[in-house]
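Examination of the molecular architecture
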Amino acid sequence: MDVVGRLEAASLLVPEGVATGDDITVADVWDYLAHDEWEVALGLLEELAGEWSAPAGFWGEMEVTAGMLGFGRSRKWCWWRGAEERFGVIRAELVLRPAGETFRRTPMPGAAVMRPMWDIGHRRDDGACELDSPCCGSSSPMSSHPVRRLRSGFCP
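For the rest of this paragraph, the subject is a negative patch on the surface. Taken together, the side chains of Asp-22, Asp-23, Glu-47 and Glu-51 define an acidic patch exposed on the protein surface. Structurally, the position occupied by Asp-22 is in the loop between helix H1 (3–13) and helix H2 (26–34). For Asp-22, a relative accessible area of 63% corresponds to the exposed category.

Spelled out as structure tokens, the structure:
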């Protein structure tokens, strides 16, 4: 199947009433497809898929489509969403305090340049922070690797 066929097939899977917080709907995807704006259509499908439960295999097909278009970052994103589909996910909304209110003096770089260290409440028997938590820095969503403390003072 060609790229356009894959994008059209993915668009047909999105329920009609689904919309993002920015009021993007599947009609917008079809509009971009009609104007051969495949990259934009793929991006909108990625956004829309966060608003409903995509069927099994959806993200795998999106990954292949992004690869066919040569969009490495989108391909990786779709691979990650497919892994979430297979292994499950816990979502949390994390908000950074303004740079002037913390030890941080510059904005956080994007695209996984910096791996953040959050205290998510795991404690050892003696009450100290437990920084050996699952999924941090791992190559597989279900594996566990030790995390070393990068800076003192993260645990209250």
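Having seen the model, we can carry on.
Let us now look at the environment of Phe-71. Along the polypeptide, Phe-71 turns up in the loop between helix H4 (58–69) and helix H5 (72–87). Spatially, the C-alpha atoms of Phe-71 and Leu-42 are 9.8 Å apart, while their sequence positions differ by 29 residues. Filtering out sequence-adjacent residues up to four positions away, Phe-71 remains in contact with Glu-39, Leu-42 and Ala-66.

What follows concerns the side chain of Ser-11. Here Ser-11 lies in helix H1. Here Leu-7 takes part through its backbone oxygen, which lies 2.8 Å from a polar atom of the side chain of Ser-11. Each residue touching Ser-11, except ones within four places of it in the same chain, is listed here: Val-26, Val-29, Trp-30, Leu-33 and Leu-45.

Let us look at the pattern of salt bridges. Under the criterion given, the structure shown has two salt bridges. A salt bridge links Glu-61 to Arg-6; the nearest nitrogen and oxygen atoms lie 2.3 Å apart. Residue Glu-61 is located in helix H4, and its partner Arg-6 is located in helix H1; the two are separated by 55 residues in the primary sequence. Residue Arg-6 is classed as buried on the basis of its relative accessible area, which comes to 18%. Between Arg-81 and Glu-84 there is a salt bridge, with its nearest N and O atoms 3.0 Å apart. Of this pair, Arg-81 and Glu-84 both sit in helix H5, three residues apart, which is roughly one turn of that helix. Accessibility expressed as a relative area gives 14% for Arg-81, which makes it buried.

For H5, with 16 residues, the first-to-last C-alpha span of 22 Å sits near the 22 Å given by 1.5 Å per residue. Burial in H5 covers these residues: Ser-74, Cys-78, Arg-81, Gly-82, Ala-83 and Glu-84. Taken together, the buried residues of H5 touch helix H3 (38–48) and H4. A positive backbone phi angle near 90° is found at Gly-88, which sits one or two residues after H5.

Cut-offs applied
- Residues numbered from 1 in each chain as written.
- Predicted model: local features only at pLDDT ≥ 70, side-chain atom pairs only at ≥ 80, totals over all residues.
- Heavy atoms only, no water.
- Patch = residues over 30% accessible without salt bridge, like charges linked within 9 Å, V, L, I, M, F, W, Y side chains within 5 Å.
- Areas by Shrake-Rupley, 256 points an atom, 1.4 Å probe, with all protein chains shown as cover.
- Salt bridge = Lys/Arg side-chain N within 4 Å of Asp/Glu carboxyl O.
- Lys, Arg positive; Asp, Glu negative; His and termini not counted.
- Charge placed at Lys NZ, Arg CZ, Asp CG, Glu CD.
- Helix = DSSP H or I, 4+ residues; strand = E, 2+ residues; numbered from the N terminus.
- Buried < 20%, exposed > 50% of the residue type's maximum accessible area, 1.4 Å probe, protein only.
- Contact = heavy atoms within 4.5 Å.
- Polar contact = N/O pair within 3.5 Å; in protein donor to acceptor, adjacent residues only side chain to side chain.
- Expected span 1.5 Å × (residues − 1).

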